[in-house]
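The lines below spell out each chain.
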Amino acid sequence: MNDHHVPSDGEAGEVRRFWAGLGLPGLVDVHTHFMPERVLRKVWEYFGARGPLTGGLEWPIAYRREEAERTALLREFGVRAFTAMLYPHKPGMARRLNGWAADFARRTPDCLHTATLYPEPDVGTYVREAVAAGARVFKAHVQVGAYDPADELLRPAWDVLAEAGVPVVIHCGSGPAPGEHTGPEPIARVLARHPRLRLIVAHLGMPEYEEFLDLAERYPQVRLDTTMAFTDFAEGFMPFPRRALPRLAALGDRVLLGSDFPNLPYPYVHQLHALERLGLGREWLRAVCHDNAAGLFGL
Ligand SMILES: [Zn+2]
């Protein structure tokens, strides 16, 4: 990537001006979705049909394009590193997804090798294998997977990940729609057993923002990703409580930029502007948009 090339027009230009204005070398986005085409098409159909897990919201996918175009666009935006958030909704699926994600990471050097898991008898084994194969981040989706993250079956997997210090982006808040096991309580049970587990709470725990801030304040390895938080879209139905802003400012070294690309219903740059308008300052933005993730992943 040629860092000196700053396009003067279009959305990519706007994104690049944002990070260049902060004096950053680019962005790190810990929450982007890449998965086998067939699976991604199903996800898009689901959003299009306003399935119950979307909260019944109108959710037009802004970047519904071919995979190569999507990776090219992230590079045009100046996203230095991103992830391949993929997740199973039933047993027997995670291993195959992990195989795909390992191959995707091999052919996509700016993607942090991602893996996933599900409560099933061999989860400890395949999580260990994925870590040995170089997985640098995991995705867990409590809402879509409809499992208890404190399920006994997951104990060996959390042990491996806590030991290896590999972060797990976990969708565990009850937004955009609650699941049987979403919310802070099951995560509190996981952390009581695995206090060093590097959980990255997706969507800032939306809508249980304050309860997940409690957990982050209690456990120094817990982080939060910004995905969708503070956007006009999210503020319209699950607003972040203004009184909690000082806590978010204080946790500035553990908040990480996430976008949900390509499944977002607004332009990518809106997530950045939504963070900027919080008014938490240039240093906070620099840390969130780049430095925290660069430190965590050793970029
Ligand atoms: Zn997501």
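Residues numbered from 1 in each chain as written. Predicted model: local features only at pLDDT ≥ 70, side-chain atom pairs only at ≥ 80, totals over all residues.

- Per an unreviewed UniProt entry, the chain is named Amidohydrolase, and its organism is Streptomyces pyxinicus.

### Things to note about the overall build of the chain
Move 1: In terms of helices and strands, the chain carries 13 helices and eight strands.
Move 2: Expected size for 299 residues packed as a compact globule is a radius of gyration near 19 Å; at 18 Å, the chain falls within 12% of this value.
Move 3: A principal-axis box enclosing the C-alpha atoms of the chain has dimensions of 55 × 45 × 40 Å.
Move 4: For the chain, the residues scored as buried account for 46% of the 299 residues in total. (Helix = DSSP H or I, 4+ residues; strand = E, 2+ residues; numbered from the N terminus. Rg over C-alpha atoms; globule rule 2.2 N^0.38 Å. Buried ≥ 20, exposed ≤ 12 C-beta atoms within 10 Å, placed from the backbone.)

### Description of the pairing of strand S4 (residues 137–141)
Move 1: By the criterion of burial, S4 is predominantly enclosed, with five of the five residues buried.
Move 2: Pairing of strand S3 (residues 114–116) with S4 involves three bridges; the strand directions are parallel. Looking across to S4, one finds that Thr-114 is bridged to Val-137.
Move 3: In terms of handedness, the path from S3 via helix H5 (residues 123–132) over to S4 forms a crossover that is right-handed.
Move 4: Two strands pair when backbone bridges link them, and S4 and strand S5 (residues 168–171) are joined in this way by four bridges, in the parallel orientation. Paired with Ala-140 across the strands is Ile-170, a residue of S5. (Pairing = 2+ DSSP bridges. Right-handed = clockwise from strand over helix to strand, strands pointing away.)

### Section: helix H13 (residues 282–297)
Move 1: Under the 1.5 Å per step criterion, the end-to-end length of H13 is 22 Å for 16 residues, consistent within 8% with the ideal 22 Å.
Move 2: Of all the bends in H13, the largest measures some 50 degrees and sits at Val-288.
Move 3: Along H13, the residues classified as buried are Trp-284, Leu-285, Ala-287, Val-288, Cys-289, His-290, Asn-292, Ala-293 and Leu-296.
Move 4: The elements touched by buried residues of H13 are helix H1 (10–21), strand S1 (27–28), helix H11 (245–250), strand S8 (255–256) and helix H12 (268–276).
Move 5: Note on H13: the residue one or two positions beyond its end, Gly-298, has a positive phi of about 60 degrees. (Expected span 1.5 Å × (residues − 1). Bend = angle between axes of the 7 residues up to and from the residue. Contact = placed C-beta atoms within 7 Å.)

### Concerning the environment of Ile-187
Move 1: Looking at the secondary structure, you find Ile-187 in helix H8 (residues 184–193).
Move 2: A count of 27 C-beta atoms within 10 Å places Ile-187 in the buried class.
Move 3: Note: C-alpha distance between Ile-187 and Val-255 (68 residues apart in sequence) is 18 Å.
Move 4: Not counting chain neighbours up to four residues away, the residues in contact with Ile-187 comprise Pro-149, Cys-172, Leu-199 and Leu-215.

### Considerations on the UniProt feature "domain: Amidohydrolase-related" (unreviewed entry) in the chain
Move 1: In the numbering used here, UniProt assigns the "domain: Amidohydrolase-related" (unreviewed entry) feature to residues 28–299.
Move 2: Between the first and last C-alpha atoms of residues 28–299 the distance is 9 Å; the span itself is 43% helix and 9% strand. (UniProt positions renumbered as here; feature names shortened; annotations may be inferred.)

### Side note on the sheet that holds S5
Move 1: Reading across the sheet, the six strands line up as S3-S4-S5-S6-S7-S8 and stay open at both edges, with parallel pairing between neighbours. Each edge of the open sheet carries a strand with a single partner, namely S3 and S8.

### Let's talk about the nonpolar core
Move 1: Counting residues in hydrophobic clusters, the biggest one holds 88 residues, and the most contacted among them are Val-127, Leu-161, Ile-170, Ile-200, Val-201 and Val-288.
Move 2: Among all residues touching Val-288, those that are not within four sequence positions of it are Thr-226, Gly-252, Val-255, Leu-256, Leu-257 and Leu-275. (Core = buried A, V, L, I, M, F, W, Y, C linked by C-beta atoms within 7 Å.)

### Side note on H1
Move 1: With twelve residues, H1 should cover 16 Å at 1.5 Å per step; its first-to-last C-alpha distance of 17 Å lies within 8% of that length.
Move 2: All buried positions along H1 are accounted for by Val-15, Arg-16, Phe-18 and Trp-19. In a view along the axis of H1, the buried residues occupy a sector of 150 degrees, so they form one face of it. Pointing more than 90 degrees away from the buried face of H1 are the exposed residues Gly-10 and Gly-21.
Move 3: In the segment just after H1, Gly-23 is the residue with positive phi, at about 75 degrees. (Arc of directions from axis to C-beta.)

### Things to note about the packing of H8 against helix H9 (residues 209–218)
Move 1: Two elements in contact, H8 and H9, have axes whose closest approach is 10 Å; the angle formed by their N-to-C orientations is 10 degrees. As judged from the angle between their axes, H8 and H9 are roughly parallel. Listed contacts from H9 to Pro-184, Ile-187, Ala-188 and Leu-191 of H8 are Glu-211, Phe-212 and Leu-215. (Axes fitted to C-alpha atoms, helices over the stretch in contact; angles between N-to-C directions. Parallel < 35°, antiparallel > 145°, perpendicular 65-115°, else oblique.)

### Structural notes on unusual backbone geometry
Move 1: Each neighbour pair has its own omega, and for Met-206 with Pro-207 the value is 0 degrees, a cis peptide bond.
Move 2: Along the chain, the position of Pro-207 falls in the loop between strand S6 (199–201) and H9.
Move 3: Of the consecutive residues Phe-261 and Pro-262, the connecting peptide bond is found in the cis state with omega at 5 degrees.
Move 4: Examined against the element boundaries, Pro-262 turns out to sit in the loop between S8 and H12.

### Notes on the pairing of S5
Move 1: Going residue by residue along S5, you find Val-168 and Ile-170 tucked away on one face and Val-169 and His-171 tucked away on the opposite face as well.
Move 2: Pairing analysis gives three bridges linking S5 to S6, with the strands arranged parallel. Residue pairing across strands places Val-168 opposite Leu-199, the latter belonging to S6.

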